[in-house]
Amino acid sequence: DTLKAVPRSSAQQVSVGKFGIDTITAQTFSFSAGFPNTNVPNGITFPASSFRVDSVSMSVSGQFDYVAIDTGSLRLTITNNLPLDISLPGSFVLKNNVTFPAAQTDTATVASFGFGTILQGQSKTVSSNLSGKILRGALKTDSIRINTAARTGPFTISSTDGISFTIGSTSLLADSAAA
């Protein structure tokens, strides 16, 4: 004779009020603008151009399915390592990236950052309030268009020159979560 036991699934829910969660560890991703090594001679103008940075996926926590944020914000720092001023004509958008199973798909916008112009060799940091947002453990950026300004030489562009993006958070206070 065979004995078969099937455990009942269980879920526990505990109300603890508002609680702090660890800040999101800063994550950096960098992109080369794809320019060849170029020495721009004196008096010659390097033309304005535009390029697109593809979407990037990232994990901000393997510890939770979601956290409902009461207070806190995300910070995005863009560092322009190009010898050219850049501008972001649109917003830098960060979305939840949960697509499986289909019944639990969540690609809602979590944060939107407007930057405008960032001068050559400079960084700019912008914050986005997360109050009332649901933050998933997996996030994804939208692709973003970046414009470069024209510049008159002399200057040098290296093929390794590019732009870096660093995403982190302030202290976060949550009112619910699921692991």
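### A look at the side chain of Asn147
Tracing the backbone through its elements, the reader meets Asn147 in strand β16 (residues 144-148). Setting aside anything within four residues of it in sequence, one finds Asn147 in contact with Ser49, Ser50, Asp85, Ile86, Ser87 and Pro89.

### Section: the packing of aromatic side chains
If you walk through the whole model with that rule in mind, you get seven aromatic pairs. Seen from their ring centres, Phe31 and Phe165 are 5.8 Å apart, and the 75 degrees between their planes marks the pair as edge-to-face. In this pair, Phe31 sits in strand β2 (residues 27-32) while Phe165 sits in strand β19 (residues 162-169), placing the two residues 134 residues apart along the sequence. One aromatic cluster is present, formed by Phe29, Phe31, Phe92, Phe113 and Phe165 through successive ring pairs. The positively charged end of Arg151 is found above the aromatic ring belonging to Phe155, 4.3 Å away from the centroid.

### Focus: unusual backbone geometry
Going from Gly153 to Pro154, the amide bond is cis rather than trans, its omega being 20 degrees. Examined against the element boundaries, Pro154 turns out to sit in the loop between β17 (151-152) and β18 (155-157).

### What about the pattern of salt bridges?
Tallied over the entire structure, the rule returns three salt bridges. Between Lys95 and Asp142 there is a salt bridge; the shortest N-O distance is 3.6 Å. Note that Lys95 is positioned in strand β10 (residues 92-96) and Asp142 in the loop between β15 (138-141) and β16, a separation of 47 residues in sequence. In this structure Lys95 comes out as partly exposed when scored by relative accessible area, which is 25%. According to the relative accessible area criterion, Asp142 is partly exposed, its value standing at 30%.

Quick notes on the rules
- Residues numbered from 1 in each chain as written.
- Predicted model: local features only at pLDDT ≥ 70, side-chain atom pairs only at ≥ 80, totals over all residues.
- Heavy atoms only, no water.
- Helix = DSSP H or I, 4+ residues; strand = E, 2+ residues; numbered from the N terminus.
- Contact = heavy atoms within 4.5 Å.
- Phe/Tyr/Trp six-rings, centres within 6.5 Å; stacked < 30°, edge-to-face > 60°.
- Lys NZ or Arg CZ within 6 Å of the ring centre and 35° of its normal.
- Salt bridge = Lys/Arg side-chain N within 4 Å of Asp/Glu carboxyl O.
- Buried < 20%, exposed > 50% of the residue type's maximum accessible area, 1.4 Å probe, protein only.

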